[in-house]
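Spelled out from the first residue to the last, the chains are:
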Amino acid sequence: MKPTANGEYPLRLDQWNDDCGDVLWYCWRDGEWLEEAPYVGSPMDLGQTVECHTASDQPAARFNVGGWPGYHTHYLPLPNAPARPD
């Protein structure tokens, strides 16, 4: 696995802990990175519960949406904030 443009190597999911906080997550699958934007957050992200009412005589269905997708394999720390704009 090659380092990023700034020389960092992505760390594996099993190296993450609560002290790392939010990071940039990527997925390494079948010998390459998935072609999608990184997920920003942590495996502790729960998302939000949403209720769906489909019919008055049926109970509402509840779903968790958002939060940790669960398929990411590697991460990098978040970059520092950019310099002040002019």
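Owing to the predicted nature of the structure, the values given are computational and were not obtained by experimental measurement.

> Could you clarify how one ought to interpret a nonpolar patch on the surface in this entry?
A grouping of V50, F63 and V65 is seen on the molecular surface, where their side chains present a nonpolar patch of about 240 Å² in accessible area. As for its position among the elements, V65 is in strand β7 (residues 61–65).

> For this particular structure, what's the right way to read the environment of Y71?
Within the secondary structure, Y71 sits in the loop between β7 and β8 (74–77). When the C-alpha positions of Y71 and T54 are compared, they lie 30 Å apart, and in sequence the two are 17 residues distant. Once residues within four sequence positions are removed from consideration, Y71 is found in contact with C27, R29, L34 and E36. Separated by 2.7 Å, the side chains of Y71 and E36 make a polar contact.

What counts and how
- Residues numbered from 1 in each chain as written.
- Predicted model: local features only at pLDDT ≥ 70, side-chain atom pairs only at ≥ 80, totals over all residues.
- Heavy atoms only, no water.
- Patch = residues over 30% accessible without salt bridge, like charges linked within 9 Å, V, L, I, M, F, W, Y side chains within 5 Å.
- Areas by Shrake-Rupley, 256 points an atom, 1.4 Å probe, with all protein chains shown as cover.
- Salt bridge = Lys/Arg side-chain N within 4 Å of Asp/Glu carboxyl O.
- Helix = DSSP H or I, 4+ residues; strand = E, 2+ residues; numbered from the N terminus.
- Contact = heavy atoms within 4.5 Å.
- Polar contact = N/O pair within 3.5 Å; in protein donor to acceptor, adjacent residues only side chain to side chain.

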